[in-house]
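Coordinates in review
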Amino acid sequence: MLLSAPRARPGWAALPSRIAALCTVELQKLRHDRTEIYTRAVQPALWLLIFGETFTRIRAIPTGPVPYLDYLAPGIIAQSAMFIAIFYGIQIIWERDAGVLSKLLVTPTPRAALVTGKAFASGVKAVIQAAVVVLIAAVLGVALTWNPLKLAGVVVAVVLGSAFFSCLSMSIAGIVLTRDRLMGIGQAITMPLFFASNALYPLALMPGWLQAVAKVNPLSYEVDALRGLLIGTPAHLPLDFAVLCFAAAVGIACASALMGRLAR
């Protein structure tokens, strides 16, 4: 029995535990329904099996000494992570409609912690998806590294990239306010984001205007980091991680600012 009430921790000190708790709550949903992981693994497997194997044989895209399938695998890892995150805002709208979001927003937990917890839960889901793609790529003979430090870097890159795209989705949800509109916008921007990156082909093969778009696309930096870590191609890892951290921070700030509008 306590003789005196425990001293409340300052808000900043309690923030990490609140983020972790919200992230855990999101991941509990995955434990009850694992079909999302299995169904979402189909598309990356098809990209590697059909697109990757075919273009490796016809040598249509020059990738230097690196086989095209090896070059493609990190891009598909980033793609599968983005596809999970880009529709994350639909869940926020569902929580709004069910009355869950309004209850979360009246708690002492800052909105930024709520958004960050959900963003990193999306990142953990993306890491699970990435592990499936890595196993498929290894079965197909892709020469991937198994260095623990580099694999840890892969996890960080995937989490940061997914955090940005899930925050982008939540920000769009805060603007459009309905699931149908969000689904339409998500479908409209997913493939342009994918093709306007270096996931499928080197930047040097793109026209100048598309290179400019790719250089401001966070997916390009995620793919560059994954290639450097997984297959050892030349990469700009400090720049890649700096851009991903900045993009994730901006995404969290934007989604937090729009969260209140979604709950009205």
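Heads up: the structure comes first, above all this text.
A few points on the structure. (Residues numbered from 1 in each chain as written. Predicted model: local features only at pLDDT ≥ 70, side-chain atom pairs only at ≥ 80, totals over all residues. Heavy atoms only, no water.)

1. Concerning the side chain of Thr63
Its place among the elements puts Thr63 in the loop between α3 (42-58) and α4 (68-85). You can call Thr63 buried: its relative accessible area is 15%. Reaching out from Thr63, the side chain makes a polar contact with the backbone oxygen of Val66 at a distance of 2.6 Å. (Helix = DSSP H or I, 4+ residues; strand = E, 2+ residues; numbered from the N terminus. Buried < 20%, exposed > 50% of the residue type's maximum accessible area, 1.4 Å probe, protein only. Polar contact = N/O pair within 3.5 Å; in protein donor to acceptor, adjacent residues only side chain to side chain.)

2. A few points about the nonpolar core
The nonpolar side chains of a soluble globular protein tend to be buried, and buried together. Core analysis: the largest hydrophobic core is formed by 62 residues, its most contacted members being Leu48, Ile77, Val158, Phe194 and Met259. Setting aside residues up to four positions removed in sequence, Ile77 forms contacts with Ala130, Val133, Val134, Val158, Leu226 and Leu230. (Core = buried A, V, L, I, M, F, W, Y, C linked by side-chain atoms within 4.5 Å. Contact = heavy atoms within 4.5 Å.)

3. Overview of the packing of α4 against helix α9 (residues 179-195)
Working note: a packed helix pair is described by the angle between its axes plus the distance between those axes. Orientation of α4 relative to α9, taken along the N-to-C sense of each, is 160 degrees, at an axis distance of 11 Å. As summarised for this structure, α4 and α9 are arranged roughly antiparallel, according to the angle between their axes. For α4 against α9, the interelement crossing comes out right-handed. Taking contact as the criterion, the partners of Gly75, Ile76, Gln79, Met82 and Phe83 in α4 are, on α9, Thr190, Met191, Leu193 and Phe194. (Axes fitted to C-alpha atoms, helices over the stretch in contact; angles between N-to-C directions. Parallel < 35°, antiparallel > 145°, perpendicular 65-115°, else oblique. Left-handed = near helix turned anticlockwise from the far one by under 90°.)

4. Some remarks on the packing of aromatic side chains
Counted according to the given criterion, the structure contains seven aromatic pairs. With a centroid separation of 5.3 Å and 85 degrees between ring planes, the pair formed by Trp47 and Phe194 is classed as edge-to-face. On the criterion of sequence distance, the pair formed by Trp47 in helix α3 and Phe194 in helix α9 is long-range, its members being 147 residues apart. The same class applies to Trp47 as to Phe194, namely buried. Ring centres of Phe164 and Phe165 lie 5.0 Å apart, and the angle between their planes is 70 degrees; this geometry places the pair in the edge-to-face category. (Phe/Tyr/Trp six-rings, centres within 6.5 Å; stacked < 30°, edge-to-face > 60°.)

5. Quick look at a nonpolar patch on the surface
A cluster of nonpolar side chains, contributed by Val42, Leu46, Leu49 and Ile50, occupies part of the molecular surface with about 350 Å² of accessible area. Examined against the element boundaries, Ile50 turns out to sit in helix α3. Given the relative accessible area of 51%, Ile50 is considered exposed. (Patch = residues over 30% accessible without salt bridge, like charges linked within 9 Å, V, L, I, M, F, W, Y side chains within 5 Å. Areas by Shrake-Rupley, 256 points an atom, 1.4 Å probe, with all protein chains shown as cover. Salt bridge = Lys/Arg side-chain N within 4 Å of Asp/Glu carboxyl O.)

6. Examining the layout of surface pockets
Approximately 320 Å³ is the volume found for the largest pocket. In this structure, the largest pocket is lined by 15 residues; those nearest its centre are Asn198, Leu203, Asp224, Pro234 and His236. At the level of elements, α10 (208-215), α11 (218-230) and α12 (237-263) are the ones that each hand at least two residues to the lining of the largest pocket. For the lining of the largest pocket, the element with the most residues is α11, which contributes four residues. Looking at side-chain class alone, the lining of the largest pocket contains seven nonpolar, four polar and four charged residues. (1 Å grid on protein atoms, 1.4 Å probe; cavity = no way out; pocket = protein on both sides within 12 Å on 5 of 7 lines; lining within 4 Å. Points joined across faces, edges and corners; volume = space filled by probe spheres on them. Nonpolar A, V, L, I, M, F, W, Y, C, P; charged D, E, K, R; others polar.)

7. Comments concerning the environment of Ile90
By the secondary structure assignment, Ile90 is in helix α5 (residues 89-98). Along the backbone, Ile90 and Gly186 are 96 residues apart, and their C-alpha atoms lie at a distance of 9.8 Å.

8. Side note on α9
The terminal C-alpha atoms of α9, which comprises 17 residues, lie 25 Å apart, in line with the 24 Å expected from a rise of 1.5 Å per residue. When we look at burial in α9, the residues that qualify are Leu182, Gly186, Thr190 and Phe194. Against α3, α4, α5, α8 (148-176) and α11 lie the buried residues of α9. (Expected span 1.5 Å × (residues − 1).)

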